[in-house]
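Summary of the model geometry
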Amino acid sequence: QVQLVESGGGLVQPGGSLRLSCTASGFRISTYAMIWYRQAPGKERELVAPRSSDGRVTTSADSMKGRFTISRDNAKNTVYLQMNSLKPEDTAVYYCNAARGLDNIWGQGTQVTVSS
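This report concerns the structure included in the present document.

Rules and cut-offs
- Residues numbered from 1 in each chain as written.
- Predicted model: local features only at pLDDT ≥ 70, side-chain atom pairs only at ≥ 80, totals over all residues.
- Heavy atoms only, no water.
- Helix = DSSP H or I, 4+ residues; strand = E, 2+ residues; numbered from the N terminus.
- Buried < 20%, exposed > 50% of the residue type's maximum accessible area, 1.4 Å probe, protein only.
- Contact = heavy atoms within 4.5 Å.
- Areas by Shrake-Rupley, 256 points an atom, 1.4 Å probe, with all protein chains shown as cover.
- Polar contact = N/O pair within 3.5 Å; in protein donor to acceptor, adjacent residues only side chain to side chain.
- Salt bridge = Lys/Arg side-chain N within 4 Å of Asp/Glu carboxyl O.

Some remarks on the overall build of the chain
Looking only at helices and strands, the chain has zero helices and ten strands in total. Counting every position in the chain, which comprises 116 residues, the buried fraction comes to 41%. Within the chain, contacts between residues separated by at least 24 positions form 54% of all contacts whose residues are at least 6 apart in sequence. In the form shown here, the chain has an accessible surface area of approximately 6100 Å², with 48% of it arising from carbon and sulfur atoms.

Printed below as a string of structure tokens:
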């Protein structure tokens, strides 16, 4: 069964950090672009950070530059999102996506809440 499972979300205070994980099963991520998105209540889904299959990181949204870092471990079939200096406006459901040609695989999402 092809699936992505995100984990690592939770409640964190402003200024704190979280690391999200996204583990794939049923396929290998090594030939996929792995991308994180997020969706806040009442807002459209937005791009957080993409990382191509060759390891290059392309541009993430300005509001997240310098704070969010995507990485991947092909051996563990897992991609990570390290989030630092979190702000209340980072509160959202974070989704992992694997993209390759017409293949487009989504995880179920993990909730991140930034609040004091």
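From this point, the narrative continues.
Considerations on the side chain of Glu6
Tracing the chain through its elements places Glu6 in strand E1 (residues 3–7). Engagement of the side chain of Glu6 in a polar contact is seen with the backbone nitrogen of Gly109, the distance being 2.9 Å. For Glu6, the residues in contact, after removing those within four places along its chain, are Ser21, Cys22, Trp36, Tyr94, Tyr95, Cys96, Gly107, Gln108, Gly109 and Thr110.

Considerations on unusual backbone geometry
One non-glycine residue with positive phi stands out, namely Asn77, at about 55°. With respect to the helices and strands, Asn77 occurs in the loop between strand E6 (68–73) and strand E7 (78–83). A relative accessible area of 4% places Asn77 in the buried class. Even without being a glycine, Ser85 presents a positive backbone phi close to 50°. Within the secondary structure layout, Ser85 lies in the loop between E7 and strand E8 (92–100).

A few points about the environment of Leu18
Within the element layout of this structure, Leu18 appears in strand E3 (residues 18–25). Residue class for Leu18 comes out buried when judged on its relative accessible area of 16%. Separated by 68 residues in sequence, Leu18 and Leu86 have C-alpha atoms that sit 8.3 Å apart. Those residues in contact with Leu18, other than ones at most four positions away along the chain, are Gly8, Gly10, Val12, Leu81, Gln82, Met83, Leu86 and Val112.

Some details on the pattern of salt bridges
For the structure shown, the criterion picks out four salt bridges. The partner of Glu46 in a salt bridge is Arg38, and the shortest N-O contact between them spans 2.6 Å. Look at the salt bridges and you will find they share partners, linking Arg38, Glu46, Arg67 and Asp90 into a network.

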